[in-house]
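Take a look at the letters that make up each chain.
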Amino acid sequence: VSLLKYASKAHRIATTQVVSLMVRRLGRTKNIITVNGKLPGPTIYANVGDRLLITETNTGKMSIHW
């Protein structure tokens, strides 16, 4: 019998901010979309059955696809 079946389900909450930043690398400047100022963005950990609440603030005219 799997103990995972009896594990309580968690509620995971994440708050993210999507921002476009100008980054200079190897002598070139490029506009990139970041999540919380990072690329790649943060990892959100969850298990099967968990409930996720992700609040996203988008500061530009861009879309994020999950």
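Rules and cut-offs
Residues numbered from 1 in each chain as written. Predicted model: local features only at pLDDT ≥ 70, side-chain atom pairs only at ≥ 80, totals over all residues. Heavy atoms only, no water. UniProt positions renumbered as here; feature names shortened; annotations may be inferred. Helix = DSSP H or I, 4+ residues; strand = E, 2+ residues; numbered from the N terminus. Polar contact = N/O pair within 3.5 Å; in protein donor to acceptor, adjacent residues only side chain to side chain. Pairing = 2+ DSSP bridges.

Per an unreviewed UniProt entry, the chain goes by Plastocyanin-like domain-containing protein and derives from Selaginella moellendorffii. Of the comments in the UniProt record for the chain, the one headed Sequence similarities (unreviewed entry) reads "Belongs to the multicopper oxidase family."

Here the focus is the side chain of aspartate 50. Here aspartate 50 is to be found in the loop between β2 (28–35) and β3 (51–58). Engagement of the side chain of aspartate 50 in a polar contact is seen with the side chain of arginine 12, the distance being 3.0 Å.

The side chains of a regular strand alternate between both faces of the sheet. Sheet topology places strand β1 (residues 11–25) next to β3; 8 bridges connect them, and they run parallel. Bridge pairing in β3 places alanine 14 opposite isoleucine 54. As judged from the 8 bridges shared by β1 and β2, these two strands associate in the antiparallel manner. Bridged to arginine 24 within β2 is threonine 29. Once β1 ends, the chain turns through 2 residues before running back antiparallel as β2, passing leucine 26 with a positive phi of about 50°.

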